[in-house]
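# Structural characterization, general
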Amino acid sequence: MTAPASELGRALAAAFGPDFVGKHLSTDVVLRHLDPEMIQEHFSWRDLNEILSRGRVEPAELKLCTGGSSLPEHAYTVTRAGHRVVDLTRTFSLMRSGASLVIDSLDRIHPAVRAATDDVMRMVGETASCNLFVTFDDAQAFASHFDEVDTFVLQVLGTKSWQVHGPSEEHPLPEYGDSDPARCPEAVLFERTLEPGDVIHVPRGWWHTVRGGGESSLHLTFAFTRRTGYDWLRWVAYRALDSTDVRESLARAGTPEEQRAQAERLVTAFVNEAKALTLRDFFDAERRRSGGRDTACLPWDVLKARPSAGTFVELATVQAPLMEMRGERLVLTAAGQEFVLPAVHREACETLVRTRRVGTAELAERSGTSPAAVSALVSALLRARLVTVTDGPAGPAEGWRAS
C-alpha cells in the first residue's frame with residue numbers, strides 16, 4: 001500500500017479509517033464528514049464553469065438527465081467549426097426546467113479530481129472513476145435505482161436528499177441483475193439530507209432515491225468496480241489456454257458421445273488450472289498489469305540531463321509495483337512489463353513506494369543512496385513511465401486550479 005497523493009485522498013482515507021475495507025466495504029452505508037472548505041479547494045463552481053466554457057469535455061462525457069433518462073444530445077449541443085459543442089443557452093434553459101447535469105469520468109479532465117480518484121483506487125484496491133452531478137431545486141435525475149458498483153458520494157456544495165433502501169438481490173453485476181424500479185424495497189435504511197462535506201459509502205446493489213434538497217447541489221461520486229468470482233473464473237479460463245483441449249474447436253458436428261467427452265476434457269482442463277491457482281495469484285497478476293495514467297512532465301520527459309537534487313519525483317503507478325530480488329538484480333513489475341535494476345537501488349525504490357512523492361535529495365538521504373545514484377534511478381524510472389518529475393513540491397496531482 002502506498003501513501004495517498006492528494007489532500008482529498010488523505011482526508012478520505014483518514015475519515016473512513018484502516019478497518020473500513022475489511023469490515024464495511026460493500027456491506028454497510030457509512031457516513032463521514034470532511035472539511036467543506038478543503039473539498040471546495042479541489043472542486044467548486046469556478047472549476048465547473050471553466051469546464052463548461054470550453055464547449056467540449058472529451059474525453060469525459062457530459063449529459064443532461066431528467067425523469068430517469070438522458071436527454072438526446074441534440075437538445076443541448078450545437079455544431080460549430082465542425083465540432084459538436086455544448087450550447088450553454090440551451091443547457092441552462094433545460095436545467096431551469098428540471099434537468100440535472102452529469103459529467104461522467106470527470107477524473108479524466110480535472111487533475112485534482114484525478115488525483116483523488118487515484119487515491120480511492122489505492123484505498124480500496126479497485127479500479128475507480130469520478131462522476132459529477134449538478135441539480136437545482138428538488139430535481140431528480142434518476143428514479144430509484146441501484147448501481148453495479150460501490151460508491152463514495154461526496155457532497156461538495158448545496159444539499160441533496162438521500163434515501164437508501166438496501167438490496168433486492170445480492171451482488172448484482174452488469175451481466176446479472178434485475179434493475180426494474182418496481183423491485184426497489186419499500187423500507188428506508190438510511191435517510192439524510194447531505195450537506196457540504198458529508199460523504200457516504202453506498203454499497204453495490206443497494207437501491208437509493210435521490211433528489212435535490214434545496215436551491216442547488218453539486219456532488220461527486222467516486223465509483224469503483226470490485227473484482228468478483230466472475231473475474232477470477234475468466235482469468236482462470238485465460239490461463240487454461242495452455243491446454244490444447246481448451247484451444248480445440250468445439251465438435252459442432254460430433255455425436256452426443258463425442259460432445260460429452262469434449263465437454264469433460266474442458267472441465268478437467270479448467271479444474272486442473274484452477275486448483276493450481278489462488279486468489280493471491282490473481283491479485284498479484286493484476287498488480288503486474290496495473291500501470292497509471294499516462295502523464296506528461298515536460299521538460300524532464302525529453303531533457304537529456306538527469307533530474308537534479310532540487311526536483312521532486314512521484315510514483316506514477318496507481319498501485320505499488322511488485323518488487324523482488326533475483327540474484328543481484330531488483331525486478332520491478334508494473335504495466336505488464338518487468339524493469340531490471342541494480343540491487344543498490346532497492347532501498348530507494350522501497351522508500352519511493354512508501355512515500356509516493358518525495359524530493360530527489362530527500363530520497364537519497366532517506367535511502368542512504370548517493371545523490372548521483374538516485375538521479376540515475378529517477379531518470380531510468382522516468383523513461384519507463386513509472387514516475388513523474390517536477391521542479392517543485394506541487395506535482396501534477398494538485399498543481400491545477402481553474403482561474
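First, a word on scope: everything that follows refers to the structure included in this document. (Residues numbered from 1 in each chain as written. Predicted model: local features only at pLDDT ≥ 70, side-chain atom pairs only at ≥ 80, totals over all residues. Heavy atoms only, no water.)

## So, the pattern of salt bridges
Filter applied, for reference: A side-chain nitrogen of Lys or Arg and a carboxyl oxygen of Asp or Glu constitute a salt bridge if their distance falls within 4 Å. Secondary structure elements follow DSSP: runs of H or I no shorter than four residues count as helices, runs of E no shorter than two count as strands, and numbering proceeds from the N terminus. Burial classes follow relative accessibility: with a 1.4 Å probe on protein chains only, a residue under 20% of its type's maximum area counts as buried, one over 50% as exposed, and anything between as partly exposed.
For the structure on display, the rule yields 24 salt bridges. R234 serves as the salt-bridge partner of D231, at 2.7 Å between the closest nitrogen and oxygen. Taken together, the residues span about one helical turn, with D231 and R234 both in helix α7 (residues 229-239) at a distance of 3 residues. Residue R234 is classed as partly exposed on the basis of its relative accessible area, which comes to 42%. In this structure, a network of salt bridges that share partners links the residues D107, D118 and R293.

## Focus: the packing of α7 against helix α9 (residues 256-275)
How two helices pack is summed up by the angle between their axes together with the distance between the axes. Worth spelling out the cut-off: Interaxial angle, 0 to 180 degrees, is taken between N-to-C directions of lines fitted to C-alpha atoms, where a helix line uses only the stretch in contact. Here the word oblique covers every angle except those under 35 degrees (roughly parallel), over 145 (roughly antiparallel) and from 65 to 115 (roughly perpendicular). Two residues qualify as a contact provided that any one of their heavy atoms is within 4.5 Å of a heavy atom in the partner residue. By the convention adopted, Pro, Cys, Tyr, Trp, Phe, Met, Ile, Leu, Val and Ala count as nonpolar, Lys, Arg, Asp and Glu as charged, and the other residues, Gly among them, as polar.
Put simply, α7 and α9 touch, their axes get as near as 9 Å, and they point 110° apart. Put simply, α7 runs roughly perpendicular to α9. Residues W232, L233, V236, A237 and R239 of α7 touch α9, and the partners they reach there are F270, E273 and A274. Class assignment of the residues belonging to the contact of α7 with α9 gives a composition of 6 nonpolar, no polar and 2 charged.

## Some thoughts on the pairing of strand β12 (residues 312-315)
Selection criterion: Any two strands with at least two DSSP-identified bridges between them are counted as paired.
Summarising the sheet, β12 and strand β16 (residues 357-359) pair through 3 bridges and their orientation is antiparallel. In the sheet register, E314 faces β16, and the bridge partner there is R357. Bridge analysis of β12 against strand β17 (residues 387-390) gives 4 bridges, and the strand direction is antiparallel. In the sheet register, E314 faces β17, and the bridge partner there is T388.

## Observations concerning the sheet that holds strand β13 (residues 322-326)
Spatial strand order, β13-β14-β15: 3 strands in an open sheet with antiparallel pairing. Two strands bound the open sheet, and with one partner strand each, they are β13 and β15 (337-342). When strand polarity is set aside, the average angle formed by the axes of neighbouring strands in this sheet is 25°. Bridge count between β13 and strand β14 (residues 329-334): 5 bridges; the pairing is antiparallel. Paired with M325 across the two strands is L330, which belongs to β14. Packed on one face of the sheet, helix α10 (residues 279-289) meets β13, β14 and β15 and runs near 90° to β14.

As far as function goes, none of this settles anything; it's purely spatial.
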